[in-house]
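# Structural overview for review
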Amino acid sequence: MKNKLDLPKIWRNCALIFLLAEWLIVIFVLDISGWYVAPIFIIYLIINAVIFNSYFLGVVGNFYFVSGRTEKAFKYYRKAIAKKTRNVSALYAYGIEILKDDGKATEALALLQRAEKFNAKVNMDKNIRLAISSCYWVKGDIDKAIDTLERLKRDYNYVNAHVYTTLGYFYILKEDFEKAMEYSNLAIEDQPEHSAAWDNIGQIYFRQENFDDAKAAFIKALKFKETMVDSLYYLGCIYEKENEGDKAFECFSKAKKCNVSSLNTITKEQILEKYRKYDDTEE
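The sections below set out a description of the structure shown in this document. Keep in mind that this is a model prediction, so the values were computed, not measured. (Residues numbered from 1 in each chain as written. Predicted model: local features only at pLDDT ≥ 70, side-chain atom pairs only at ≥ 80, totals over all residues. Heavy atoms only, no water.)

## Details of the state of the cysteines
- According to the stated counting rule, one finds 0 disulfides in the structure shown.
- Here Cys251 is not disulfide-linked; the sulfur of Cys237 is the nearest cysteine sulfur, at 9.2 Å.
- What makes Cys251 buried here is its relative accessible area of 7%. (Disulfide = S-S within 2.5 Å. Buried < 20%, exposed > 50% of the residue type's maximum accessible area, 1.4 Å probe, protein only.)

Printed below as a string of structure tokens:
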């Protein structure tokens, strides 16, 4: 990280230096109106946009993404990526999107590794490596997913609840419930209302067939996030075991209305299978 060039910072500094030098030349050397400063600087920006076209396409994409116009953002991201952009935010945002919505783990991994190569910011490094671990998970390489986050944890004095929760879930998949519980509890220590961490704890107890504690954890997760689709599904399964059909159907009905991505622990098909047991009109 220390040896990497912070390209956005360098560009901003160069732009400020150019603007200052331009102002000095216009005002004190050429002794002409200050109104020339703005159009000259705009021309400078246009030239930059042409020379560094792939990067600026990413900037435009980021603008639309922050503005909530995601479809337009992804259109510019695709153009920027086709031109081998070094825009870290664009690479990261698009990588996350295609991993989450389309499950394209291999393609997303390549974009995120490129983002990691050019990134020079600590917080973004943590986010990128967390996303990379999820790519390995979706690809089925749990050991590499765990190693990615364990190295991240060693590299920094502090990692947030999202890292601990994700690492905890990976250990659930390895059936190392002791480590899974340890990391899930660390996530809750960092952020007591972190619904995904409570969901982890619920899933640990569920797999151990401790359904009373699992139910309590899932209810806690849903208290903090009503649309926690994984908790809704597993809580519904517990109510089924308790012969509470109405409560189970309520959970599956709510889960059916939630968004499900490749980063969830259950699938839309699993939810629909449960839902159809109670409502056979669902096609």
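Read on, since the account is not over.
## Some points on the nonpolar core
- In terms of nonpolar packing, the biggest core is built from 57 residues, with Tyr77, Tyr94, Ile128, Leu149 and Phe170 touching the most fellow members.
- What Phe170 contacts, discounting residues up to four positions off in sequence, is Ser133, Ser134, Trp137, Ile142, Ala145, Ile146 and Leu149.
- Counting 21 residues, the second largest nonpolar core, distinct from the first, contains Ala214, Tyr233, Ile266 and Tyr275. (Core = buried A, V, L, I, M, F, W, Y, C linked by side-chain atoms within 4.5 Å. Contact = heavy atoms within 4.5 Å.)

## Some details on a positive patch on the surface
- A cluster of basic side chains, namely Arg69, Lys72, Lys75, Lys79 and Lys83, defines a positive patch on the protein surface.
- In this structure, Lys75 sits in helix α4 (residues 70–82).
- Given the relative accessible area of 42%, Lys75 is considered partly exposed. (Patch = residues over 30% accessible without salt bridge, like charges linked within 9 Å, V, L, I, M, F, W, Y side chains within 5 Å. Areas by Shrake-Rupley, 256 points an atom, 1.4 Å probe, with all protein chains shown as cover. Salt bridge = Lys/Arg side-chain N within 4 Å of Asp/Glu carboxyl O. Lys, Arg positive; Asp, Glu negative; His and termini not counted. Charge placed at Lys NZ, Arg CZ, Asp CG, Glu CD. Helix = DSSP H or I, 4+ residues; strand = E, 2+ residues; numbered from the N terminus.)

## Side note on the packing of aromatic side chains
- Under the defined criterion, the tally for this structure stands at 19 aromatic pairs.
- Seen from their ring centres, Phe74 and Tyr77 are 5.9 Å apart, and the 45° between their planes marks the pair as tilted. Here Tyr77 and Phe74 lie together in helix α4, a separation of 3 residues that amounts to about one turn. In this pair, the class of Phe74 matches that of Tyr77, namely buried.
- Aromatic pair Phe206 and Phe211: ring centres 5.5 Å apart, planes at 70°, arrangement edge-to-face.
- Taken together, the aromatic side chains of Phe206, Phe211, Phe218, Tyr233, Tyr234, Phe249, Phe252, Tyr275 and Tyr278 make up a single cluster linked through ring pairs. (Phe/Tyr/Trp six-rings, centres within 6.5 Å; stacked < 30°, edge-to-face > 60°.)

## Details of the packing of helix α5 (residues 88–102) against helix α7 (residues 122–139)
- Following both chains from N to C, one finds α5 and α7 inclined at 30°, their axes separated by 11 Å at the closest point. Judged by the inter-axis angle, α5 sits roughly parallel to α7. Crossing angle aside, the handedness with which α5 passes α7 is left-handed. Counted together, Val88, Ser89, Tyr92, Ile96 and Leu99 of α5 and Met124, Asn127, Ile128, Ala131, Ser134, Cys135 and Val138 of α7 form the full contact between these two elements.
- In terms of residue class, the contact of α5 with α7 is built from 9 nonpolar, 3 polar and no charged. (Axes fitted to C-alpha atoms, helices over the stretch in contact; angles between N-to-C directions. Parallel < 35°, antiparallel > 145°, perpendicular 65-115°, else oblique. Left-handed = near helix turned anticlockwise from the far one by under 90°. Nonpolar A, V, L, I, M, F, W, Y, C, P; charged D, E, K, R; others polar.)

## Things to note about helix α9 (residues 161–173)
- Between its first and last C-alpha, α9 extends 18 Å over 13 residues, near the 18 Å set by a 1.5 Å rise per residue.
- Burial within α9 is extensive, with 11 of its 13 residues counted as buried.
- Buried residues along α9 sit against α7, α8 (142–155), α10 (177–190) and α11 (195–207).
- Regarding α9, its N-cap is Asn160, as a side-chain oxygen of that residue lies 3.0 Å from the backbone nitrogen of His162 further along.
- Of the residues flanking the end of α9, it is Glu175, one or two places downstream, whose phi is positive at about 60°. (Expected span 1.5 Å × (residues − 1). Polar contact = N/O pair within 3.5 Å; in protein donor to acceptor, adjacent residues only side chain to side chain.)

## Description of the environment of Phe41
- With respect to the helices, strands and loops of the structure, Phe41 is situated in helix α2 (residues 37–51).
- Classification of Phe41 by relative accessible area gives buried; the value is 18%.
- The spatial distance from the C-alpha of Phe41 to the C-alpha of Phe177 is 59 Å, given a sequence separation of 136 residues.

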